[in-house]
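A closer look at the structure
Listed below, chain by chain, are the residues.
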Amino acid sequence: MLFLIASTQDIVYAKDPIAKLLREFELTQNALEKEASMSQHQLSSFFYSLYRLETKKRSTPVRILHLGDSHIVADLFSGDLREFFQNRFDSAGRGFLPPGIPDKYYHARGIKVSQYGDWKKYSVYKNKKIPYGISGVKFSSRNKKSKMMLETKYPFDYSEVGFQTSPESGHVVIHIGQHKEIFDTKGNENQIRYFKSYKKGKRLTVSPHGDGKVTLLSWRVENTRPGIIYTNIGHTGVSADIMSRWDKDFIARDIKALKPDLIVLSYGTNEGFFDNLNIKRYRDKYVNSIKVLKKYAPNASFLIIGAPGAVRFPRYISSGRKKAIGNCRELKKQEIQNYKKLLYKKDKKLAFWHPPPNLNKVRFVQESIAKEIGAWFWDWSAIMQGDCGIISWSQQKPAFAYSDFVHMTHKGARYSARLLFYDIMYFYNREKGVFRN
């Protein structure tokens, strides 16, 4: 079977089975010839941080912040990228995390998170009027029997927990291993207070003291040695619009505390399925959100990942879904022009698998934004032979995509992360020659 493996704009064809490609694929110079002619890569600042880390000229961690949708909620794609970076440049710990279990699909690789009691969850996706930081979620409780626990496989040197203050807030009990601290979260309305500790441990536990409400915003566990810290913050069902809902004061504190060297943005799937999407408004909000990130992380490089391949079959057509799998194709120009009308009339002319018309428009906007702000654009759909390629991915053994033709399996996510990491390392290795001189 022929599969397409692509960098940002260049294409390499490979006839090897997918499983073999995962072990044997190597980027060729021909595949990147066009981009290799550039005198300076868009990620040069990030590459210089990696170079200083690799040559032991940097004593602080290199931090990567990855913001996205459901593709990173379960920490598959992002978790594989973290693994590749940390295997190459060493690990400085797990870093910043949203509190508790923010999503039913949530999984944080390398740690175990547990929560007990009557914690009330507030999510930026559902409770839009409440102020949020970059985690987009918060948990509140006043019951001293409520507990949240974070456990790591390897000991951490440093921990930090963020709380939202209010005049009615109470004390919180924090255990790091056997060490106990009591911390006051009372303060002005809607401010952030951080509990910081350099006690080493493998377990961090948070419980209300029982004298008032405690609102948990975030927690982080790190090591003091240099290495890579890769933070992923994802939400199911969201678009890039979620960034516009952050509270300006909360986000300022979060980004300044995180100090990212690279910010990765991987949105696009959900907005691509919004048939009423206002492209201009979408673009304006995306650019404004990036300006906020740049304001508080002025030295960070940016990587915008174009939405991966995805297709749909109209829900109003009850039969023929499986039979139509082999006939997936892109919409014709006239079908795109009449798409909303065809959907409204529940027309059976759309009885075939196809990418929604706004998905490619979203990718075009993402790429144009990348050019405008000096970010690097990596088209995830290109390694899938376009949108319909996700059907082929789902039919591989083992499968690389689920039968919803939107989400990747563990294998597909790892394959995608490997190719992206290879691309990044190709350009990094080329830039190192500049840094040496």
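Note that residues are indexed from 1 along each chain, following the sequence as it is written. With pLDDT at 70 or above as the cut-off, local features in this predicted model cover only qualifying residues; side-chain atom pairs require 80 or more to be listed or tallied, and sums for whole chains, interfaces and linings still use all residues. The side-chain quantities take in all heavy atoms of the structure and omit both hydrogens and water.

Within the secondary structure, Tyr106 sits in the loop between strand S4 (93–97) and strand S5 (111–116). For every residue, the accessible area obtained with a 1.4 Å probe (protein chains only) is divided by the maximum for its type, and the residue is called buried under 20%, exposed over 50%, and partly exposed between those limits. Given a relative accessible area of 15%, Tyr106 falls into the buried group. Along the primary structure Tyr106 and Ser44 are separated by 62 residues, whereas in three dimensions their C-alpha atoms are 32 Å apart. Only heavy atoms matter for contacts: two residues are in contact if any of them lie within 4.5 Å across the pair. Non-local contacts of Tyr106, meaning those with residues more than four positions away in its chain, are made with Val73, Leu97, Pro98, Gly100 and Ile101. Strands are runs of DSSP state E lasting at least 2 residues, helices are runs of H or I lasting at least 4, and numbering of each runs from the N terminus.

Cysteine sulfur pairs qualify as disulfides if the two atoms are within 2.5 Å. Within the structure shown, the criterion is met by 1 disulfide. In this model Cys328 forms its disulfide with Cys388; the gap between the sulfur atoms is 2.0 Å. Taking the sign of the S-S torsion, -75 degrees for the link of Cys328 and Cys388, the bridge is left-handed. Of this pair, Cys328 sits in the loop between strand S17 (301–306) and helix H8 (333–337) while Cys388 sits in the loop between strand S18 (376–379) and helix H11 (389–395), placing them 60 residues apart in sequence. The pair formed by Cys328 and Cys388 is uniform in burial state, with each residue classed as buried.

This part covers the packing of helix H7 (residues 279–296) against helix H10 (residues 357–373). If you want to describe how two helices pack, look at the angle between their axes and the distance between the axes. Only the stretch in contact is used when fitting a helix axis, every axis being a line fitted to C-alpha atoms; angles between N-to-C directions are given from 0 to 180 degrees. Running from amino to carboxyl end, H7 crosses H10 at an angle of 35 degrees, the nearest separation of the two axes being 11 Å. Once H7 is placed against H10, the crossing between them reads as right-handed. Contacts between H7 and H10 involve Ile279, Tyr282, Arg283, Tyr286, Val287, Ile290 and Lys294 on the former and, on the latter, Lys361, Val362, Val365, Gln366, Ser368, Ile369, Glu372 and Ile373. When the near helix sits turned anticlockwise from the far one by under a right angle, the crossing is termed left-handed; a clockwise turn instead gives a right-handed crossing.

Attention now moves to the sheet that holds S18. In short, DSSP must find at least two bridges between two strands for them to pair. Strand order in the open sheet formed by 5 strands is S15-S3-S16-S17-S18, with parallel pairing between adjacent strands. The sheet is open, and its two borders are formed by strand S15 (228–234) and S18, each paired with just one other strand. Each strand axis lies, on average, 15 degrees off the axis of its neighbour in the sheet, ignoring direction. Seen against the sheet, helix H3 (residues 44–54) touches strand S3 (62–68), S15, strand S16 (262–266) and S17 and runs at an angle of roughly 140 degrees to S3.

It is worth spelling out the pattern of salt bridges at this point. What counts as a salt bridge is simple: a side-chain nitrogen of Lys or Arg found within 4 Å of a carboxyl oxygen of Asp or Glu. Scanning all chains against the criterion turns up 23 salt bridges. Here Asp80 and Arg414 are joined by a salt bridge, their closest N and O atoms 2.7 Å apart. Of this pair, Asp80 sits in helix H4 (residues 77–89) while Arg414 is found in helix H12 (residues 410–436), placing the two residues 334 residues apart along the sequence. On the accessibility criterion, Asp80 (3% relative accessible area) is buried.

Core analysis: the largest hydrophobic core is formed by 52 residues, its most contacted members being Phe47, Leu50, Phe77, Phe85, Leu303, Trp378 and Leu420. Once you skip the residues sitting within four places of it in the chain, Leu303 turns out to touch Leu262, Ile263, Val264, Leu265, Trp376, Trp378, Leu420 and Ile424. By size, the runner-up hydrophobic cluster in this structure holds 38 residues, among which are Leu67, Ile134, Val238 and Tyr282. Among buried residues, the Ala, Val, Leu, Ile, Met, Phe, Trp, Tyr and Cys ones that are joined through side-chain atoms within 4.5 Å form a nonpolar core.

Once that is clear, we can look at the pairing of strand S13 (residues 201–208). In terms of residue burial, S13 counts as a mostly covered element, since 6 of its 8 residues are buried. Alignment of strand S8 (residues 147–156) against S13, held across 5 bridges, turns out to be antiparallel. Looking at S13, one finds that Phe156 is bridged to Gly201. As paired elements, strand S10 (residues 171–176) and S13 share 5 bridges and run antiparallel to each other. Directly across from His175, in S13, lies its bridge partner Thr205.

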